[in-house]
Amino acid sequence: HITPEKFYVEACDDGADDVLAIDRVSTEVTLTVKKDVPPSAVTRPIFGILGTIRLVAGTYLIVITKKKKVGEIFSHVIWKATDFDILSYKKTMLHLTDIQLQDNKVFLSMLNHVLSVDGFYFSTTYDLTHTLQRLANTSPEFQEMSLLERADPRFVWNGHLLREFAAQPEIHRFATPVMHGFITMHSCSINGKCFDWLLVSRRSCFRAGVRYYVRGIDSEGHAANFVETEQIVHYKGSKASFVQTRGSIPFFWSQRPNLKYKPKPQISKSVNHVLCICQHIAFLFQMDGFQRHFDSQIISYGKQVVVNLVNQKGSEKPLEQTFAKMVNSMANGMVRYVAFDFHKECSRMRWDRLQILMDQLAEQQDEFSYFLVDCDGKIVTQQEGIFRSNCMDCLDRTNVIQSLLARRSLQAQLQRLGVLHVGQRIEEQADFEKIYKNAWADNANACAKQYAGTGALKTDYTTGKRTQWGLIMDGWNSLIRYYKNNFSDGFRQDAIDLFLGNYSVDEVEPASPLHVKKDWKFLALPIIMVVAFSMCIICLLMAG
């Protein structure tokens, strides 16, 4: 309910009388009741509060205006947020100069850009940010917490927007933690036995960004493009899950766009932008962030098997060598390193050679097992470790390997639950196999669009087998990626940083970062290109 003085957000649960009152002048947030809502208020339905953000014109309220039902997890409805609205606390913009108005418009377009990227999910009754295993190993006190309090901060993409709500426990039920990534759910049948199969990918909001602008790790050990993927099976009350992670190679490196099709990766040799003359100091600096990353991963998931899929020659070779050296230097028995040159091994469409890697990982996967809880709620097995896969982007090659590992785990789970008979294989179940492959291809596309700006490559292998048409589509997507990475990803990165609170707008800041004076050097290349192109056309027309 909107009035000139306040926003009133009414809870629509059965029997609820609470109303959230947001003062548009003081920005104070309080609880009131339905009878306090003025009859003159303009009323509209919303499906959740994403949070608040401060821009040049003042504070804005972001709300979910459209949603689409994805399905249900254990009788809890899961929604995808499909449309949003950004409401200004201010009733007029007359207090702004023309430059401020323009800046505010740019910042709003940044927010709208982030919100237009597909993949925001939420539930008002279920914690989407935790795996089944984490939820099963919690205390009664944890279960009593609000969804906002108990959510894993790595996967709450509106955590920054909800910071003012988080400070007031009494209004937590009005705050909706939103996850970014991919969720698909399917009711399946094998041998006449019906079960639910789910795939959930959670993107981390720490060190989030776009392909070439965010690589490696930050000083806290957070890896770029870190995604936790969980495969869930629900059959006759029993629940099974298998979790994997992906993330950028976890040390300090960069690969900034420079108009080349594939910019050369640069391994950092500086500490806080101060060049290290001594190689030993640079290595210790790299090891600190590397150690932090794996310490946090071991706490969250247990043992780690690192599956590095980058090329072992060319520009990617130094990254593979450094990764192997750092794992050896760390000398941690909880971390095992496996290198597999995906492109070399599978060149000329020899996809059967992926079995070499699967055979290498089989014993470790059996040791790690998977999480299983029976229909009485008793934990039967726990997943004791995790596969952390990566390539350069942690998209195309990574998704292929993850789908193979997940299939192997699913085979064991369905046999144990009695869905598959002894000796039966998932590959032989044509209907389910089609669902499985399409879901993993959709997962690849979602992760790729969110990080690289286009659909994934190699999805024709995930959905069936490698084809010539798949190669053509990969070429087209690569071309789109090249354009976006070089000419539009700067704006996308700025938009993500604004949304996540990595950059905060200062209303009284005299100099806007959107207005940087560019000297003649920025104009020289375009002018030369225009002149050269014009001369070329003239020469062609006047060739005779």
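Because the structure is a prediction, the values reported are computed rather than measured.

**Q** Can you break down the packing of helix H9 (residues 354–368) against helix H10 (residues 396–417) residue by residue, with the values?
**A** Packing of H9 against H10 leaves a shortest axis separation of 11 Å and a crossing angle of 50°. Put simply, H9 runs oblique to H10. Crossing of H9 against H10: the hand is right-handed. For the pair formed by H9 and H10, the contact residues are Leu-354, Leu-357, Met-358, Leu-361, Ala-362, Gln-365 and Asp-366 on the first element and Val-400, Ile-401, Leu-404, Leu-405, Arg-408 and Ser-409 on the second.

**Q** Could you give an account of the sheet that holds strand E3 (residues 29–33), with specific residues and numbers?
**A** Taken together, the 3 strands give an open sheet; going across it, the order is E1-E2-E3, and neighbouring strands pair in antiparallel fashion. Edge positions in the open sheet fall to strand E1 (6–10) and E3, since each of these has one partner strand only. Each strand axis lies, on average, 30° off the axis of its neighbour in the sheet, ignoring direction. As judged from the 5 bridges shared by E1 and strand E2 (residues 18–23), these two strands associate in the antiparallel manner. Note on E2: the bridge partner recorded for Glu-10 is Val-19.

**Q** Tell me about the pattern of salt bridges, and please be specific about residues and values.
**A** In the structure shown here, the tally under the stated rule is 29 salt bridges. A salt bridge links Glu-228 to Arg-154; the shortest N-O distance between them is 3.8 Å. With Glu-228 in strand E10 (residues 227–235) and Arg-154 in the loop between helix H4 (147–150) and helix H5 (163–166), the pair connects residues that are 74 residues apart, well separated along the chain.

**Q** Please set out the packing of helix H1 (residues 98–116) against helix H14 (residues 489–500) residue by residue, giving values where relevant.
**A** Packing of H1 against H14 leaves a shortest axis separation of 8 Å and a crossing angle of 90°. The angle between H1 and H14 falls in the class roughly perpendicular. From H1, Phe-107, Ser-109, Met-110, Leu-111, His-113, Val-114 and Leu-115 reach across to H14, where they touch Phe-491, Arg-492, Asp-494, Ala-495, Ile-496, Leu-498 and Phe-499. For the contact of H1 with H14, a count of residues per class yields 10 nonpolar, 2 polar and 2 charged.

Reading the values: the criteria
- Residues numbered from 1 in each chain as written.
- Predicted model: local features only at pLDDT ≥ 70, side-chain atom pairs only at ≥ 80, totals over all residues.
- Heavy atoms only, no water.
- Axes fitted to C-alpha atoms, helices over the stretch in contact; angles between N-to-C directions.
- Helix = DSSP H or I, 4+ residues; strand = E, 2+ residues; numbered from the N terminus.
- Parallel < 35°, antiparallel > 145°, perpendicular 65-115°, else oblique.
- Left-handed = near helix turned anticlockwise from the far one by under 90°.
- Contact = heavy atoms within 4.5 Å.
- Pairing = 2+ DSSP bridges.
- Salt bridge = Lys/Arg side-chain N within 4 Å of Asp/Glu carboxyl O.
- Nonpolar A, V, L, I, M, F, W, Y, C, P; charged D, E, K, R; others polar.

As far as function goes, none of this settles anything; it's purely spatial.
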